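Here are the chains, one letter per residue:
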Amino acid sequence: MDCVSGEPKLGGASDVTRISFRTALDGLFLSIVIPTYRRERVLIDTLESLLALSAPADELVLIDQTERHQADTEERLAELQRSGAIRWIRGQPPPIPRAMNRGLFEARGELVLFLDDDVRPEQDLLSAHRRAHAHYPEALIAGRVIQPWEEGVDFSGVEAFCFAGTRAFWVGEFIGCNFSLRRTRALELGGFDQNFVRVAYRFEAEFAHRFLAAGGRIRFEPAASLHHLHVAAGGTRSFGEH
């Protein structure tokens, strides 16, 4: 997403490690929810990169919309499920808002972090989301998203807001591949609108509108950073572009 001038108006760790980390940051249990559709190697790479973080999530819920995976993907997902590293929930058909709503119902955490299935996280991704919620308990936290065409660009001197920027802002929207919020708040608002189908273009904007209209705020937190790989095959791009 391009930068815009000015600030938008408001509208695998041990159990001991996880418990001590939650205590330090408001005691909040964090669930990652990843909807996935027709992704193979990149999905496995995404899951393993998240599980390898020094301060991982308390649970990782995979909402799988794929009809049939390749054999090696199927085998690895089954291994991760058996080990307890992920909760693998299958049989949920598209569109993506339906999978995200299923994730809201299945998540055990008070905080839910939604991520895409083709991302590479920075080491501080999860702890930055937690810190932001500790400071802004009722906000939706929009994380930093670096797209492939933004790799290597120095945003440190950019004062205008953009989702690859390095300055915190109060904003009016978020990108669906990296944002977190209180699970109960999302459920109170009715979750995500399943009338957005196929590429589900702008479903995030519709939810942001309802969230802000209900008195919420959206905080862009650049420390909660990831690289969006924007894989051409699979995901919502199975149905084309915007």
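Colleague: Let's hear about the pairing of strand E9 (residues 218-228): which residues, and what values?
Modeller: Of all 11 residues in E9, 10 are buried; the element is thus mostly enclosed. Alignment of strand E5 (residues 119-121) against E9, held across three bridges, turns out to be antiparallel. Bridge pairing in E9 places Val 119 opposite His 228. Note: strand E6 (residues 140-146) against E9, seven bridges, orientation parallel. Across the sheet, the residue bridging to Val 145 is Leu 226, located in E9. Bridge count for strand E7 (residues 169-171) against E9 is three bridges, and the pairing is antiparallel. Along E9, the bridge assignment pairs Trp 170 with Arg 219.

Colleague: Please give an account of the packing of aromatic side chains that cites residues and values.
Modeller: Throughout the structure, instances matching the rule amount to 13 aromatic pairs. The interplanar angle of 85° and the centroid separation of 5.5 Å between the aromatic rings of Phe 114 and Phe 192 together place this pair among those described as edge-to-face. A residue pair is termed long-range when its members are at least 10 positions apart, and Phe 114 in strand E4 (residues 111-115) and Phe 192 in the loop between helix H6 (183-188) and helix H7 (203-213) qualify at 78 residues. Just as Phe 114 is buried, Phe 192 falls in that class too. With 5.4 Å between their ring centres and 70° between their planes, Phe 161 and Phe 169 make a pair best called edge-to-face. Phe 169 matches Phe 161 in its accessibility class, with the two residues each being buried. Between Arg 217 and the ring centre of Trp 170, over which it is positioned, the NZ or CZ distance is 3.8 Å. Of note, Arg 219 hangs over the ring of Trp 170, and the distance from its end group to the ring centre comes to 4.8 Å.

Colleague: Break down the pattern of salt bridges for me, citing the residues and quoting the values.
Modeller: Think of it this way: side chains of opposite charge can pair up when their charged atoms draw near. Tallied over the full model, the rule gives 18 salt bridges. The shortest N-O distance in the salt bridge between Arg 108 and Glu 59 comes to 3.7 Å. You can see Arg 108 sitting in the loop between helix H4 (96-106) and E4 and its partner Glu 59 sitting in strand E2 (residues 59-64), a full 49 residues away along the chain. For Glu 59, a relative accessible area of 8% translates into the label buried. For Arg 182, the salt bridge goes to Glu 110, with nearest N and O atoms at 4.0 Å. Remark: Glu 110 occurs in the loop between H4 and E4 and Arg 182 occurs in strand E8 (residues 178-182); sequence separation between them is 72 residues. Residue class for Arg 182 comes out buried when judged on its relative accessible area of 14%.

Colleague: Now, about the pairing of E6: what can you tell me, with residues and values included?
Modeller: Judged by how many residues are buried, E6 sits mostly within the fold: seven of seven residues are covered. Looking at chain direction, E6 and E8 are connected through two bridges and run antiparallel. Bridged to Ile 141 within E8 is Ser 180.

Colleague: Quick one: what's the story with the environment of Leu 53, residue by residue and with numbers?
Modeller: For Leu 53, the position within the fold is in the loop between helix H2 (41-51) and E2. According to the relative accessible area criterion, Leu 53 is buried, its value standing at 7%. It is 8.5 Å that separates the C-alpha atoms of Leu 53 and Leu 126, two residues lying 73 residues apart in sequence. For Leu 53, the residues in contact, after removing those within four places along its chain, are Pro 121, Glu 122, Gln 123 and Leu 126.

Colleague: For helix H3 (residues 71-83), give the residues involved together with the corresponding values.
Modeller: The first and last C-alpha atoms of H3 sit 18 Å apart over 13 residues, in line with the 18 Å expected at 1.5 Å per residue. Buried residues of H3: Thr 73, Leu 77 and Leu 80, and no others. End-on, the buried residues of H3 take up no more than an arc of 60°, which puts them together on one face. Among the exposed residues of H3, those oriented more than 90 degrees off its buried face are Ala 71, Asp 72, Arg 82 and Ser 83. Among the residues trailing H3, Gly 84 stands out with phi positive, at a value near 85°.

Colleague: Describe the environment of Gln 92, naming the residues involved and giving the relevant values.
Modeller: The topology assignment puts Gln 92 in the loop between strand E3 (87-90) and H4. Taking the relative accessible area as the measure of exposure, Gln 92 reaches 12% and is therefore buried. Residues Gln 92 and Thr 66 lie 26 residues apart in sequence; the distance between their C-alpha atoms is 8.2 Å. With sequence-adjacent residues up to four places away left out, Gln 92 is seen in contact with Ile 63, Asp 64, Gln 65, Arg 98, Ala 99 and Arg 102.

Cut-off values and rules
- Residues numbered from 1 in each chain as written.
- Predicted model: local features only at pLDDT ≥ 70, side-chain atom pairs only at ≥ 80, totals over all residues.
- Heavy atoms only, no water.
- Buried < 20%, exposed > 50% of the residue type's maximum accessible area, 1.4 Å probe, protein only.
- Helix = DSSP H or I, 4+ residues; strand = E, 2+ residues; numbered from the N terminus.
- Pairing = 2+ DSSP bridges.
- Phe/Tyr/Trp six-rings, centres within 6.5 Å; stacked < 30°, edge-to-face > 60°.
- Lys NZ or Arg CZ within 6 Å of the ring centre and 35° of its normal.
- Salt bridge = Lys/Arg side-chain N within 4 Å of Asp/Glu carboxyl O.
- Contact = heavy atoms within 4.5 Å.
- Expected span 1.5 Å × (residues − 1).
- Arc of directions from axis to C-beta.

Read these as spatial facts, not as claims about activity.
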